[in-house]
Amino acid sequence: MQKAMIKGNLTLDYAGNEALNTICSNLTFAGKNIKKIVITSCEPNDGKSFVSIQTVMNMARRGKRVVLMDADLRLSVLNAHYEIQLPGQGLGLAHLLSGQCQIDDIVYETNVPNVFYIPIGTDVQAPLSLIATPDFDNLVQTLGEAFDFVVIDAPPVGMVIDAAEIAKSCDGCVLVLEYNKTHRRALQDAKDQMERTGVPILGCVLNKVSMDRLSTKKYYSYGGKYGYGRYGKYGKYGQYYRKENKK
């Protein structure tokens, strides 16, 4: 198995660690059959990738073998934001689903104990043609048998349909919301969209909260230092959203 190096800073402060401990404890007690979890958001910039990778790190520290799948085939940020360096060609999800390699070629061991990683490999213009297939479902089920937890970082559910398609192969969904930004209607639409897939919504993470307003026992404030600036340019997602919903 090839090895990927995660060189980005993943250190959290005390409040952050406590919040992630709470999130992961709740996921652990969600049920023994809840192993494949998709994490998405209502809108861009809510911090779903941050929550995804931190959830994986926390679970790994508990002794769980966890694989993080980057399934944001349209606009991935994990490699860039967390300085994940891949060996060789950097094969990933897109290569597997398009028949260019095998599963063993895209699952990377990392320098973090118990953490494994599946990158996107390359951006895809029409990812639904790869995700909405038996091959993707077979991949997720295979990973669920090989690892204690599978965490999938999916695109925002409020922008494109990808997350809903991914959820069909999962046991549960976590929604990430940005405090004082996500509108009630957007949240309701995202909730309805995910519920139509049949996957249970395990809970929501309220992100970017000012700690002087809300208790650290319930919320964690995600700072802007991780630089989700690229997600601010989601015209790319908006373009696909319009095309896919046009009758």
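Above: the structure in question.
About the thresholds
Residues numbered from 1 in each chain as written. Predicted model: local features only at pLDDT ≥ 70, side-chain atom pairs only at ≥ 80, totals over all residues. Heavy atoms only, no water. Helix = DSSP H or I, 4+ residues; strand = E, 2+ residues; numbered from the N terminus. Expected span 1.5 Å × (residues − 1). Buried < 20%, exposed > 50% of the residue type's maximum accessible area, 1.4 Å probe, protein only. Arc of directions from axis to C-beta. Contact = heavy atoms within 4.5 Å. Core = buried A, V, L, I, M, F, W, Y, C linked by side-chain atoms within 4.5 Å. Pairing = 2+ DSSP bridges. Axes fitted to C-alpha atoms, helices over the stretch in contact; angles between N-to-C directions.

Caption draft 1: The arrangement of helix H1 (residues 14–28) in detail. In this model H1 runs 21 Å from its N-terminal to its C-terminal C-alpha over 15 residues, within 8% of the 21 Å that 1.5 Å per residue would give. Every buried residue of H1 is accounted for by Ala15, Gly16, Ala19, Leu20, Cys24 and Leu27. With its buried residues spanning 160 degrees around the axis, H1 presents them on a single face. In this structure, H1 carries Tyr14 and Asn26 as exposed residues pointing more than 90 degrees from its buried face. Taken together, the buried residues of H1 touch strand S2 (36–41), helix H2 (48–61), strand S8 (172–178) and strand S9 (201–207).

Caption draft 2: Just the nonpolar core, in detail. Counting 69 residues, the largest nonpolar core has Met69, Leu93, Leu143 and Ile166 as its most contacted members. Broken down by element, the residue count for this core peaks at seven residues, all from H2. Leave out the neighbours within four places in its chain, and Leu143 touches Val67, Met69, Val107, Ile118 and Val150.

Caption draft 3: Looking closely at the sheet that holds S2. Taken in spatial order, the nine strands make up an open sheet running S4-S1-S5-S6-S3-S7-S2-S8-S9, and their pairing is mixed. Every interior strand has two partners, whereas the edge strands, strand S4 (84–85) and S9, have only one. Both S8 and S9 contribute to a ladder of six bridges, which runs parallel. Its bridge partner being in S9, Leu175 is matched across the sheet by Cys204. Across the sheet, helix H8 (residues 184–195) touches S2, S8 and S9, and the angle it forms with S8 is around 170 degrees.

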